[in-house]
Amino acid sequence: MPAETETITTDALDRRIMSALQFDGRASFRRIAQALGSSEQTVARRYRRLREAGILRVVVLPDPRASRESLFVRIRTAPGAAEQIGSALARRPDVSWVTLAAAGTEVMCALRADDPRDRDELVLKNLPRLSQVTDVSTASLLHVFAETGLQEWQGFDGRLDAQEIAALGARSRRHVPVRRTADEPGLTPDDDALLAPLAADGRISYAALAAATGRNESAVARRVEALLERGMLFVDVEVAYALIGFRAAATLWLTVAPADIHRVGSEIALHPEVGFVGAVSGPASLVVAVTCRDTADLYRYITERLAPITAIRQHEVTVTVRHLKQAGTVMNGDRLPRLSPSVARPARG
C-alpha cells in the first residue's frame, strides 16, 4: 500500500457496526442498534458515513462454489507491465478481485469460470500472447473454509461478544452449504437482472430491487432468499483496510499433507487476521488472505500464529502492493467505490 494512504478515524461503535454486518450484512439498522445498545438513527448515520468514506461496502454476489470452476491466476510480468494487465483483468465481469504483488511484477486474480471456454481463452490463449507476461500459473478452488459460520476478516478490535451476537439474532449470510439439484437448479439467466443491483448495494431493500428490475416485490424477495439459503449467493462485507490503518496485506500459499488439509484450513479460518481460506489444486494446498497493520504485524502473524501449526510443510508469502478490484468492483485507489444515490437504499425493517 502506498505510504501516503489516508487513515480515517473510526471509533468503537463504528467497528462494532462493521462486526455486526459481518454476521448479516442485510440486518436492519433497528436490529443492529438493539444488539449494540445504540439508536437506529445513530447506526444508520454511522453506516452511511463509513460507506460514503469508501471504508465499508456490503455486496451480494454469486458464491464462487456455485460456479463450474473458480480459479486463482498468478501472472508474472516484466517490470512496469503489471498495472496495465491488472487493470484490463479488473474490467472483466468474470474476475472478482485483482491485486498487484511482488513489488509490482505479479498480478493475482480470481476468475469465476462458468464457461470453461472463457477460462481457456484467457489463460491458454490471450495471456501467453502478451509479450510483457513472463509466466502464468493457475490453481482451482476446491473448498472454502467457513465451518464457523463467519469466515470474515476480524483484525480490528470491536468484535461482538456472545451476548451481543445472541441479541443480534443474526444468521451468517456468507458461505452456506451449496444446494443444487434437478428440482433446484443454480442461477439462471432470469436472475441476471437481480445480480447487478445486489452487487452494487447488498443492503438494497426488496422494494427498491423490485423497482430496479420491474418485478413483483414478494417474488423478488422469495427468489433472493432462496438463492441465499441454497448457497447460490452470499453476502460479503468489503473493508478498505488501508483507510483504517491496516496496510500490510498478503496472500499465503501453504503446503500441508492431504490428511491435514481440512484440519489446518479450519484452524486458520478462525484467525482474526484472515479473510479467506481455501483449499486449492497445484503445488500449494491452501491459499490464505491475511491483512495486518504493518509488516512487523505480518511477521508476527507468520512466526507466532502459523509457526506452531507443525503440519505446514512449506509456505510462500506474496505481499500485496495494491488492490485493483474487490468483490467484483474496481477500486478507487485505496477506497471502495462510492454508492450511487439511485441504489443507496439499505435494508429496512
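A brief look at the structure comes next. (Residues numbered from 1 in each chain as written. Predicted model: local features only at pLDDT ≥ 70, side-chain atom pairs only at ≥ 80, totals over all residues. Heavy atoms only, no water.)

### As for the pattern of salt bridges
Here comes step 1: Overall, the coordinates contain 16 salt bridges when judged by the stated rule.
Here comes step 2: Residues R46 and D14 are paired through a salt bridge, measuring 3.1 Å at the closest nitrogen-oxygen approach. A residue pair is termed long-range when its members are at least 10 positions apart, and R46 in helix 3 (residues 40–52) and D14 in helix 1 (residues 12–23) qualify at 32 residues.
Here comes step 3: Of the charged contacts, one joins D24 and R31 as a salt bridge, the two residues approaching to 3.4 Å between their closest N and O atoms.
Here comes step 4: A relative accessible area of 4% means that D24 is categorised as buried.
Here comes step 5: Three or more residues joined by partner-sharing salt bridges are found here, namely R74, R76, E106, D135 and E316. (Salt bridge = Lys/Arg side-chain N within 4 Å of Asp/Glu carboxyl O. Helix = DSSP H or I, 4+ residues; strand = E, 2+ residues; numbered from the N terminus. Buried < 20%, exposed > 50% of the residue type's maximum accessible area, 1.4 Å probe, protein only.)

### Quick look at the environment of L100
Here comes step 1: Tracing the sequence through the fold places L100 in strand 3 (residues 95–101).
Here comes step 2: Owing to a relative accessible area of 6%, L100 belongs among the buried residues under this scheme.
Here comes step 3: Residues within four places of L100 in sequence aside, it is in contact with A82, E83, E106, V107, V319, T320, V321, R322 and L324. (Contact = heavy atoms within 4.5 Å.)

### Comments concerning the packing of helix 1 against helix 3
Here comes step 1: Two numbers describe how helix 1 lies on helix 3: the axes approach to 10 Å, and their chain directions differ by 90 degrees. Regarding the angle of helix 1 to helix 3, the classification is roughly perpendicular. Residue-level contacts link L13, D14, I17, M18 and L21 of helix 1 to T42, V43, R46, Y47, R49 and L50 of helix 3.
Here comes step 2: Class assignment for the residues of the contact of helix 1 with helix 3 results in seven nonpolar, one polar and three charged. (Axes fitted to C-alpha atoms, helices over the stretch in contact; angles between N-to-C directions. Parallel < 35°, antiparallel > 145°, perpendicular 65-115°, else oblique. Nonpolar A, V, L, I, M, F, W, Y, C, P; charged D, E, K, R; others polar.)

### Some details on the packing of aromatic side chains
For any pair of aromatic rings, geometry is given as the distance between the ring centres together with the angle between the planes.
Here comes step 1: Within the structure shown, the criterion is met by four aromatic pairs.
Here comes step 2: With a centroid separation of 5.5 Å and 50 degrees between ring planes, the pair formed by F29 and Y47 is classed as tilted. On the criterion of sequence distance, the pair formed by F29 in helix 2 (residues 29–36) and Y47 in helix 3 is long-range, its members being 18 residues apart.
Here comes step 3: Between F72 and F276, the aromatic rings sit 6.0 Å apart at their centres with planes inclined by 55 degrees, giving tilted as the arrangement. (Phe/Tyr/Trp six-rings, centres within 6.5 Å; stacked < 30°, edge-to-face > 60°.)

### Side note on helix 4 (residues 82–90)
Here comes step 1: Those residues of helix 4 not exposed but buried are A82, I85, G86, L89 and A90. Along helix 4, the residues classed as buried sweep out an arc of 140 degrees about the axis, all on the same side. (Arc of directions from axis to C-beta.)

### Here we look at the pairing of strand 8 (residues 274–280)
Here comes step 1: Extensive coverage of strand 8 is indicated by the burial of seven of its seven residues.
Here comes step 2: Of the pairings in the sheet, the one linking strand 5 (residues 133–144) to strand 8 comprises three bridges and is antiparallel in character. Residue pairing for strand 8: V144 is matched across the bridge by G278.
Here comes step 3: Examined bridge by bridge, strand 8 and strand 9 (residues 286–292) share five bridges and lie antiparallel to one another. Within strand 9, the position partnered with A279 by the bridge is L286.
Here comes step 4: The antiparallel hairpin formed by strand 8 and strand 9 contains five residues in its connecting segment, where G282 sits at a positive phi of about 105 degrees. (Pairing = 2+ DSSP bridges.)

So yeah, pure geometry; function would need other evidence.
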